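Secondary and tertiary structure notes
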Amino acid sequence: MYFPRLYPDELLYSGIARCRVHLGIGSHKTLLHMLFGDSKVAAITDLPTHLTALANNTGLDAEGRQDGAGACYAWLYRHDRHWLMVANQVRQRRQGNNSHIDWRARDIRLVRLLIRIGRGSEEDLGLPRRSRNWFLQQLPHRASVEHRLDQLPLCCTFLDRYAESVGEYQIRRLTAAMLKDVQTGITSRRWELEKRCGLEKSRVAPLTTAFIRLIGRWIE
C-alpha cells in the first residue's frame, strides 16, 4: 500500500501521520492495521518496532514508489480504490508463484512420510478415524499440502488407497471392542457391542453391516 517518502531526518511517527492525511483515513486503528497488519500496534516517536511488517505491507523497497509514484498511488486510493485493490491482489498472486519448487521431489518426500505414518498407526485400534484429513493433519504445513494436492500425485494415490472409510472405521471399533471382551473373558451381544461403539442403525455403513452379518453367529 501507499506510504509517503520520508523527508530527510523525518521521524517515522511523522511519516505515519502524513500517510493518514494523504489517504484520508479517519480511524488510526484502520491505518495501523493496513501498515503493520495489526491494529494493536502503537506508533511511537522513539525506537519504533514492527519495521519488517511495515516494509512488507507498504513495499517501501519497491522501485516505483521510491521514484515518486506514491502520489499517484494516493490519488488512486482516494478515487478508484476498488481498481487499486484488485490490481494489488493480482500483483501479490504473481509474487506467490511456486514454479521454482520441485514438486516431484516434494511428492516423494511426503508420500514416504505418509507411509511411515500409516505403518506406525495401523495397529492402534484406539485411534480416531484415519481419514484423508487425519493423514493430512499429521504432515508439516498441512494447509499448503492440502491446497497443492493436484501437484502431488503420489500423495493423492496414497490417500485414495489408505484413508479409512466410515465402514472401515466402524469395523475397527467393533474389532477393538471384541478383542477387549476376549481379554476380559466377557461375551457381549450384538446390540451391546453396537452400543459400546456408538453405532446407530441409521448410520451403520453397508460394509459394517456385511461384517456384522459375517461374524453374527459369534455375537448374537
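Everything here concerns the structure above.
What this report covers is the structure whose coordinates are included nearby. Because the structure is predicted, anything quoted here is derived from the model rather than measured. (Residues numbered from 1 in each chain as written. Predicted model: local features only at pLDDT ≥ 70, side-chain atom pairs only at ≥ 80, totals over all residues. Heavy atoms only, no water.)

1. Points about the nonpolar core
Of all hydrophobic cores here, the largest spans 18 residues; its most connected members are Phe135, Leu139, Val145, Leu149, Leu152 and Cys155. Listing elements by their share of this core, those giving two or more residues are helix H6 (103-121), helix H7 (132-137) and helix H9 (153-162). No other element matches H6, which puts 5 residues into this core. (Core = buried A, V, L, I, M, F, W, Y, C linked by side-chain atoms within 4.5 Å. Buried < 20%, exposed > 50% of the residue type's maximum accessible area, 1.4 Å probe, protein only. Helix = DSSP H or I, 4+ residues; strand = E, 2+ residues; numbered from the N terminus.)

2. Some points on unusual backbone geometry
Residues other than glycine seldom take positive phi values, yet His141 does so here, at roughly 55°. Turning to its location among the elements, His141 is positioned in the loop between H7 and helix H8 (142-147). On the basis of relative accessibility, which here comes to 65%, the residue His141 falls in the exposed class.

3. As for the packing of helix H1 (residues 12-23) against helix H2 (residues 28-36)
Running from N to C, H1 and H2 cross one another at 110°; their axes reach a closest spacing of 11 Å. One way to sum up the angle between H1 and H2 is to call them roughly perpendicular. Classified by chirality, the crossing of H2 by H1 is right-handed. Along its contact with H1, which presents Ile16, Cys19 and Arg20, the element H2 presents His28, Leu31, Leu35 and Phe36. In the contact of H1 with H2, the residues fall into 5 nonpolar, 1 polar and 1 charged. (Axes fitted to C-alpha atoms, helices over the stretch in contact; angles between N-to-C directions. Parallel < 35°, antiparallel > 145°, perpendicular 65-115°, else oblique. Left-handed = near helix turned anticlockwise from the far one by under 90°. Contact = heavy atoms within 4.5 Å. Nonpolar A, V, L, I, M, F, W, Y, C, P; charged D, E, K, R; others polar.)

4. Description of the environment of Gln170
Assignment of secondary structure puts Gln170 in helix H10 (residues 166-184). Taking the C-alpha atoms as reference points, Gln170 and Gly198, separated by 28 residues in sequence, lie 9.1 Å from one another. Non-local contacts of Gln170, meaning those with residues more than four positions away in its chain, are made with Leu199, Arg203, Val204, Ala205 and Thr208.

5. Regarding the pattern of salt bridges
Scanning all chains against the criterion turns up 4 salt bridges. With its nearest N and O atoms 2.9 Å apart, the salt bridge here joins Arg142 to Glu146. With Arg142 and Glu146 both in helix H8 and 4 residues apart, this pair spans about one turn of that helix. Relative accessible area serves as the criterion here: at 25%, Arg142 is assigned to the partly exposed category. In this structure Glu146 comes out as partly exposed when scored by relative accessible area, which is 31%. Across the salt bridge formed by Arg196 and Asp181, the nearest N and O atoms sit 2.9 Å from each other. Taken as a pair, Arg196 in helix H11 (residues 190-196) and Asp181 in helix H10 lie far apart in primary sequence, 15 residues in all. (Salt bridge = Lys/Arg side-chain N within 4 Å of Asp/Glu carboxyl O.)

Functional significance is not addressed by these values, which are geometric in nature.
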